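Observations on the three-dimensional arrangement
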Amino acid sequence: MIAVFDAIGRVGSAVIAGVSRIGYATRFLFAILRHSGPSFMRPRLVIREVYQAGVLSLIIVCMSGLFVGMVLALQGYETLSRYGASESMGVLVAMALVRELGPVVAGLLFASRAGSAMTAEIGLMKTTEQLAAMEVMAVDPIARVVAPRFWGGVISLPLLAVLFSTLGVFGGFLVAVKLIGVDSGAFWSQMQASVDWRYGVMNGVIKSVVFGIAVSLIAVFEGYDADPTAEGVSAATTRTVVTSALAILALDFVLTVFMFRGEIN
Amino acid sequence: MPDTIIAMSLVAEFPPSALSPNACENLVELKDVSFGYTRARKILSGVTLAVPKGKLVAVMGGSGCGKTTILRLLCGQHRASSGEVLVGGQSVATMDREQMFAHRRKLGMLFQFGALFTDLSVFDNVAFPMREHTQLPQDIIHDLVLMKLNAVGLRGAARLKPSELSGGMARRVALARTIALDPQLALYDEPFAGLDPISLSVVGQLIRKLNDALNMTSILVTHDVVESMKIVDYIYFISEGRVVAHGDVPSIKASTDPFVRQFVDGQSDGPVRFHYPAKTLAEDFA
Ligand SMILES: Nc1ncnc2c1ncn2[C@@H]1O[C@H](COP(=O)(O)OP(=O)(O)O)[C@@H](O)[C@H]1O
Ligand SMILES: [Mg+2]
């Protein structure tokens, strides 16, 4: 009996801890927004972070995009050719990438490549008292360290997602047209006819912006909140990757529901 | 000799009676200050000390006795749980945002482990406070930074990253950054740790000269008795969270206080235990 109460108590305290952590993170987001002035007055601070988070993630994002596009085309061909619709491969590849895979997979890659690095860097700056030193110099670390990294991430992820989708479509083109021999004109013209600008492309961009905000917030929050020890920083880095992945997938579902145009019986 | 001029001007400005800490205006005062990071364990219990304007005062004590903690209270990173921490007559605990900003602008703190910004070069580390707080043009900042680096003997290392420095070099760069804006109050946390004998005496002399030439007030936290006796005006000894002895250098040298003798002569036996409280050896190894 006591064991049952204990278990309920543990679940309860875990839930409370989780909710209050979300609360802290939200307050942290407002603190970042309040202290974003210097980031915009001194664009060099943000540009440096766009380089760190975005440019350095280019290779992994482009390579993954290319392969995902190629695999999509191969898998899609099996099904579509059964119905004699292999000309629609362009549509399949582009729709899947632009609406879903681009934002989601680029977001996951971004969280593990750039988000983890952000957390580790800020956590180590805390551990080695660099943030305290800044504070004592009357410089706000949220304005000088956290906000530029946050905005760097928010700017980078949508661009990376667009690149991912572009490379993916190109990969699909290579497999469908060059390897399988689908007609190149049909591949492109069907894609052009079916992918709607607002519904397809813009919704994908909106998703990637939301993911960019979520992943960057999680990354800087975990770093700033890390225990100032070696284990603390490594635990925070892990949490960044895990929480970001869950947040991306959950947010993706929510956003997709809002963007859904079909009818549910 | 500039040193004698400084020494003479000191004597003129502060007659010998002024050398006792209460006789002239105090820039820093701790009144019966208690503090603990957790409620269970008190680190400081009733520390009272005073640092007169223009003086270089050492705070000494074994490691873990709360020296760094005193500096953290002074720069407002933590708040005393009781007692008053006064800087320039103003209580640090009651400062609002603006006052804290102004207070920290006038403050230079050398962190125990340097705390150099690892993503910036040596040059940019020293330039950091100037760029954040002044509108000086780049070429003037360039000259100022090289002057500061020259003072610590590292002008040639300006382009290096902190990861390429030895511990002692990093400490000297951090020192240059501490004095970048010519602070009124300089706090040095273990500036001698990890320095070789040559840089040790150079840094010691530098701290003394800066204090006098820039009309600063300095607090030097250290456990290097020999080196600090050469440069400081006054010494406080801290043990187990309270001030156990204090005095100017001659009186400390002549003191018969067992604590002071143990610390100055470096004996492992005395009022301060070398061993952390433990069971007896026989019990532990049984
Ligand atoms: N951030 C902290 N949280 C909890 N305890 C701390 C913290 N910093 C220091 N302490 C404890 O306070 C005591 C005094 O530390 P400190 O002031 O750093 O000593 P020192 O005289 O060596 O500079 C030590 O026992 C240390 O364990
Ligand atoms: Mg210390």
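Now for a quick tour of the structure. The structure displayed is predicted, hence computed values, not measured ones. (Residues numbered from 1 in each chain as written. Chains lettered and ligands numbered in written order. Predicted model: local features only at pLDDT ≥ 70, side-chain atom pairs only at ≥ 80, totals over all residues. Heavy atoms only, no water.)

**As for the environment of Y83 of chain A**
Its location among the elements puts Y83 of chain A in the loop between α4 (58-82) and α5 (89-127). For the pair Y83 of chain A and V139 of chain A, spaced 56 residues apart in sequence, the C-alpha separation works out to 65 Å. (Helix = DSSP H or I, 4+ residues; strand = E, 2+ residues; numbered from the N terminus.)

**Quick look at the packing of aromatic side chains**
Tallying each qualifying case throughout the model produces 12 aromatic pairs over all chains. Among the aromatic residues, ring-to-ring pairing joins F170, F173, F187 and W188 of chain A into one connected group. Over the aromatic face of F123 of chain B sits the side chain of R159 of chain B, whose NZ or CZ is 5.0 Å from the ring centroid. Stacked on the ring of F117 of chain B, the Lys or Arg R177 of chain B has its end atom at 4.6 Å from the ring centre. (Phe/Tyr/Trp six-rings, centres within 6.5 Å; stacked < 30°, edge-to-face > 60°. Lys NZ or Arg CZ within 6 Å of the ring centre and 35° of its normal.)

**Describing the coordination of the magnesium ion (ligand 2)**
Residues and elements named next belong to chain B. Protein coordination of the magnesium ion (ligand 2) is provided by T68 (OG1) and Q112 (OE1), with donor distances spanning 1.9 to 2.4 Å. Remark: Q112 occurs in the loop between β6 (107-110) and α4 (122-133) and T68 occurs in helix α2 (residues 67-74); sequence separation between them is 44 residues. Judged by relative accessible area, Q112 falls into the partly exposed class, the value being 23%. (Donors = N, O, S within 2.8 Å, 3.2 Å for Na, K, Ca; no water. Buried < 20%, exposed > 50% of the residue type's maximum accessible area, 1.4 Å probe, protein only.)

**Description of the nonpolar core**
Judged by nonpolar contacts, the single largest core of 59 residues is most densely connected at F28, I32 and F110 of chain A. The element best represented in this core is helix α7 (residues 141-180) of chain A, accounting for 16 residues. Setting aside anything within four residues of it in sequence, one finds F28 of chain A in contact with I142, V146, L217, V220, F221 and Y224 of chain A. Counting residues in hydrophobic clusters, the runner-up holds 48 residues, among them V203, A245, F259 and F263 of chain B. (Core = buried A, V, L, I, M, F, W, Y, C linked by side-chain atoms within 4.5 Å. Contact = heavy atoms within 4.5 Å.)

**Details of the pattern of salt bridges**
Opposite charge on two side chains makes pairing possible when the charged atoms of those side chains draw close. Enumeration over the complete set of coordinates arrives at 19 salt bridges over all chains. Beyond isolated ion pairs, a larger network of salt bridges with shared partners links R48, E49, E121 and R149 of chain A together with D119 of chain B. (Salt bridge = Lys/Arg side-chain N within 4 Å of Asp/Glu carboxyl O.)

**Re helix α8 (residues 184-194) of chain A**
Residues and elements named next belong to chain A. Every buried residue belonging to α8 is among A186, F187 and M191, and all of these are buried. Buried residues in α8, looked at end-on, bunch into an arc of 120°, giving them a common side. Among the exposed residues of α8, those pointing more than 90 degrees away from its buried face are Q192 and A193. Lining the buried residues of α8 we find α5 and α7. (Arc of directions from axis to C-beta.)

**Some points on the interface of chain B and chain A**
Contacts between the two partners involve 20 residues from chain B, matched on the other side by 17 residues from chain A. Interface of chain B and chain A: buried area, both sides summed, is about 1600 Å²; carbon and sulfur atoms make up 57% of it. The tally of links between chain B and chain A comes to five salt bridges. Ionic pairing is found between R144 of chain A and E132 of chain B, a salt bridge with its closest N-O pair at 2.7 Å. Seen at the junction of chain B and chain A, the total is six residue pairs in polar contact (both at pLDDT 80 or more). Split by residue class, the side of chain B that touches chain A holds 10 nonpolar, three polar and seven charged. (Buried area = accessible area lost by both parts, 1.4 Å probe. Polar contact = N/O pair within 3.5 Å; in protein donor to acceptor, adjacent residues only side chain to side chain. Nonpolar A, V, L, I, M, F, W, Y, C, P; charged D, E, K, R; others polar.)

**Side note on unusual backbone geometry**
All names here are of chain B. Of note in the backbone geometry, D32 takes a positive phi value of approximately 50° without being a glycine. Among the structural elements, D32 can be located in strand β1 (residues 26-35). Residue E190 is not a glycine yet carries a positive backbone phi of 50°. Relative to the elements of secondary structure, E190 occurs in the loop between β7 (185-189) and α7 (197-213). Overall, the relative accessible area of 6% leaves E190 in the buried class.

**Structural notes on helix α1 (residues 2-34) of chain A**
All names here are of chain A. Between the first and last C-alpha of α1 there are 47 Å, a value that for 33 residues agrees with the 48 Å anticipated at 1.5 Å per step. Restricting attention to buried positions, one finds in α1 the residues A25, F28, L29, A31 and I32. Residues of α1 that are buried in the fold lie against α7 and α9 (197-225). (Expected span 1.5 Å × (residues − 1).)

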